[in-house]
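Chain residues, written in single-letter form:
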Amino acid sequence: MSPFDVNMAVDAGYQVVVPYTDVDAKLIGPLTQDAIFSRGPKGVAHTGIFIGGRDVMLATDMLRLSREAMVPPFEVSVFADPSGSFTTAAALVASVEWQLRHAFDTCLDGKRVLVFGGTGPVGLIASVLAAQAGARVSLASSRGLDAARSACERATAHFRAALDGADASSAEALQETLQSVDVVFATAAAGVEVMSAQQVSDAARLLVAADVNAVPPAGIAGVGVMDNGKRIGQHGALGIGALAIGNVKYEVQQRLFVQMLAAKQKVYLGFQDAMDMARRVVAERSSLAAA
Ligand SMILES: NC(=O)c1ccc[n+]([C@@H]2O[C@H](COP(=O)([O-])OP(=O)(O)OC[C@H]3O[C@@H](n4cnc5c(N)ncnc54)[C@H](OP(=O)(O)O)[C@@H]3O)[C@@H](O)[C@H]2O)c1
């Protein structure tokens, strides 16, 4: 359970936040039913369940299992965002889509997207969301092609997303891939540079380079944390930095918590809902900026 999520829940209006740790898939049904039966159908409307952890597959299963355990009218809303990955990946993809549309009059459909750190929670969900938007996604691992392919297989089995593996174990292994990419997501562990200034220059087709790592050094050389469409490299790709994406992520998570509290009909919020909300947040911010 992350302190970040506890703070976000309190700031959204929840008055008591009780973390349950070491919860596995078997426990989610009994825990859900313990929560729903304690206050009567009206009182239980003030309760919500948040699913954290770091395993995106397990969290998605838990969201479904918790929903299946409801006994209407004893029912509460549930929101999954393991390690912030659903809201962060959604904010990243929505921010990239916005830059593609406004600077290049295009979209992710048909684009080649390379995802550094794709085996982690944020990278895996960002890969799935980009693939759902029609991109041809290469999910990269610094441990080589086998590790990347194994993550792709898990994502395909669980989320039916078609992803290719990419070898990011050395600059040489990446050279060919980089020449054909249109978009790069840097979603590797905090404080790791995954794309050097030379690699940015070598990527001649690159349109957008988005980095979620806020801990120096930047994940992509030349992308500042607050950048939102700043040109980098000799081919003029647009950089989006971690705090520009983080501001959208924060608002998406805040609004989803508020939606849980306000909803008359109970809501079950996963990464698709985070994606829909992120597109709305980015659109609203851009019209505010234009006004
Ligand atoms: N901006 C925001 O709002 C926001 C919110 C949440 C998280 N974040 C950031 O998002 C990023 C991803 O988060 P996460 O929890 O998914 O990360 P993570 O699980 O810590 O790491 C993601 C992947 O990075 C790769 N990696 C680890 N060490 C590496 C190294 N030395 N060189 C290259 N790759 C390495 C690993 O994959 P391989 O071993 O397969 O390469 C790992 O699966 C982090 O930088 C985090 O700080 C940002």
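Refer to the structure presented above.
Calculation rules
- Residues numbered from 1 in each chain as written.
- Predicted model: local features only at pLDDT ≥ 70, side-chain atom pairs only at ≥ 80, totals over all residues.
- Heavy atoms only, no water.
- Helix = DSSP H or I, 4+ residues; strand = E, 2+ residues; numbered from the N terminus.
- Rg over C-alpha atoms; globule rule 2.2 N^0.38 Å.
- Buried < 20%, exposed > 50% of the residue type's maximum accessible area, 1.4 Å probe, protein only.
- Contact = heavy atoms within 4.5 Å.
- Near = heavy atom within 4 Å.
- Polar contact = N/O pair within 3.5 Å; in protein donor to acceptor, adjacent residues only side chain to side chain.
- Areas by Shrake-Rupley, 256 points an atom, 1.4 Å probe, with all protein chains shown as cover.
- Domains from an automatic or database assignment.
- Core = buried A, V, L, I, M, F, W, Y, C linked by side-chain atoms within 4.5 Å.

This part covers the overall build of the protein. Scanning the protein from terminus to terminus reveals eleven helices and ten strands. Over its C-alpha atoms the protein spans a radius of gyration of 19 Å, differing by no more than 12% from the 19 Å that the globule rule assigns to 291 residues. Seen through its C-alpha atoms, the protein measures out along the principal axes to roughly 65 × 50 × 30 Å. Considering the protein as a whole, with its 291 residues, one finds that 49% of them fall into the buried category. Taking as baseline every contact in the protein between residues at least 6 positions apart, the subset at least 24 positions apart corresponds to 71%.

This next bit is on the site of the ligand. Around the ligand lies a shell of 21 residues, among which Arg54, Thr119, Ser141, Ser142 and Arg143 are the nearest. In the environment of the ligand, an oxygen atom lies 2.6 Å from a nitrogen or oxygen atom belonging to the side chain of Arg54. Between the ligand and Gly120, the relevant distance is 3.3 Å, taken from an oxygen atom to a main-chain nitrogen or oxygen of the residue. Against a free-state accessible area of 920 Å², the protein chains account for coverage of 72% of the ligand. Mapped onto the shell around the ligand, the elements with two or more residues apiece are helix 6 (121-132) and helix 10 (242-262). The greatest single-element share of the shell around the ligand, amounting to three residues, is contributed by helix 10. When residues of the shell around the ligand are assigned to domains, at least three map to each of domain 1 (3-84 + 247-290) and domain 2 (104-244).

The subject of this paragraph is the nonpolar core. Counting residues in each nonpolar core, the largest one holds 76 residues, and the members touching the most others are Val96, Leu108, Phe185 and Phe257. When sequence neighbours within four positions are dropped, the list of residues in contact with Val96 reads Leu108, Val183, Phe185, Val208, Ala210 and Ile240. Counting residues in each nonpolar core, the second largest holds 20 residues, with Val181, Ala186, Val223 and Ala237 among its members.

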